[in-house]
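A closer look at the structure
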Amino acid sequence: MPVFTFAHAGEGNIHPLVLAGGQDPAAVAETVDEIFRLALRLGGTITGEHGVATLKRAWLDAELGPGARSLHRRIKEALDPLGILNPGKAI
């Protein structure tokens, strides 16, 4: 499966682009999971200045831990009590 990465890869903040057209969804998910596992294993990060939307959401606990995730949620709720800023996203 073709995978390209761009932007901040040199600092460990990857932006993978998986060309998934016509691919088995399970194979695509496993490819993405392996990319994120490798990034974390090598001391990189799955995210950076852009925050996290949907694709990387499942990996936040692996990188940050549940305590940090809980803190992020509390800060988001304090700053956005109505949930109108970036609704449906992780942070």
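Residues numbered from 1 in each chain as written. Predicted model: local features only at pLDDT ≥ 70, side-chain atom pairs only at ≥ 80, totals over all residues. Heavy atoms only, no water.

Assigned secondary structure in the protein consists of 3 helices and 2 strands. Counting from the amino terminus, the protein carries its helices and strands in the arrangement β-β-α-α-α. In the protein, buried positions account for 25% of the 91 residues. By sequence separation, contacts in the protein at least 24 residues apart represent 35% of the contacts at least 6 residues apart. (Helix = DSSP H or I, 4+ residues; strand = E, 2+ residues; numbered from the N terminus. Buried < 20%, exposed > 50% of the residue type's maximum accessible area, 1.4 Å probe, protein only. Contact = heavy atoms within 4.5 Å.)

With that settled, the discussion passes to unusual backbone geometry. Positive phi, close to 55°, is recorded for Asn86, a residue that is not glycine. Examined against the element boundaries, Asn86 turns out to sit in the segment after helix H3 (66-79). Residue class for Asn86 comes out partly exposed when judged on its relative accessible area of 46%.

What follows is about the side chain of Thr45. Relative to the assigned elements, Thr45 resides in the loop between helix H1 (25-41) and helix H2 (60-64). Among the polar contacts listed, one links the side chain of Thr45 to the side chain of Glu63, at a separation of 2.4 Å. (Polar contact = N/O pair within 3.5 Å; in protein donor to acceptor, adjacent residues only side chain to side chain.)

For the rest of this paragraph, the subject is the packing of aromatic side chains. Counted according to the given criterion, the structure contains 1 aromatic pair. Here the aromatic rings of Phe36 and Trp59 are separated by 6.0 Å at their centres, their planes lie at 70°, and the arrangement is edge-to-face. With a gap of 23 residues between them, Phe36 in helix H1 and Trp59 in the loop between H1 and H2 connect regions that are remote in the sequence. Owing to a relative accessible area of 0%, Phe36 belongs among the buried residues under this scheme. (Phe/Tyr/Trp six-rings, centres within 6.5 Å; stacked < 30°, edge-to-face > 60°.)

By the definition in use, this model includes 4 salt bridges. For Glu34, the salt bridge goes to Arg41, with nearest N and O atoms at 3.8 Å. Linking Lys76 and Asp80 is a salt bridge whose minimum nitrogen-to-oxygen distance equals 2.4 Å. Residue classification places Lys76 among the partly exposed residues on the basis of a relative accessible area of 24%. Taken together, the shared-partner salt bridges in this structure form one network comprising Glu30, Glu34, Arg37 and Arg41. (Salt bridge = Lys/Arg side-chain N within 4 Å of Asp/Glu carboxyl O.)

So, on to H1. Because each turn of an α-helix spans 3.6 residues, side chains separated by three or four positions in sequence point in the same direction. In a regular helix each residue adds 1.5 Å, so 17 residues correspond to 24 Å; H1 covers 24 Å between its end C-alpha atoms and thus fits that length. Those residues of H1 that sit buried are Val28, Val32, Ile35, Phe36 and Ala39. Viewed along the axis of H1, the buried residues span an arc of 90°, placing them on a single side of the element. Projecting away from the buried face of H1 at angles above 90 degrees are the exposed residues Ala26 and Arg41. Where H1 is buried, its residues touch strand E1 (3-6) and strand E2 (15-18). A positive backbone phi angle near 90° is found at Gly43, which sits one or two residues after H1. (Expected span 1.5 Å × (residues − 1). Arc of directions from axis to C-beta.)

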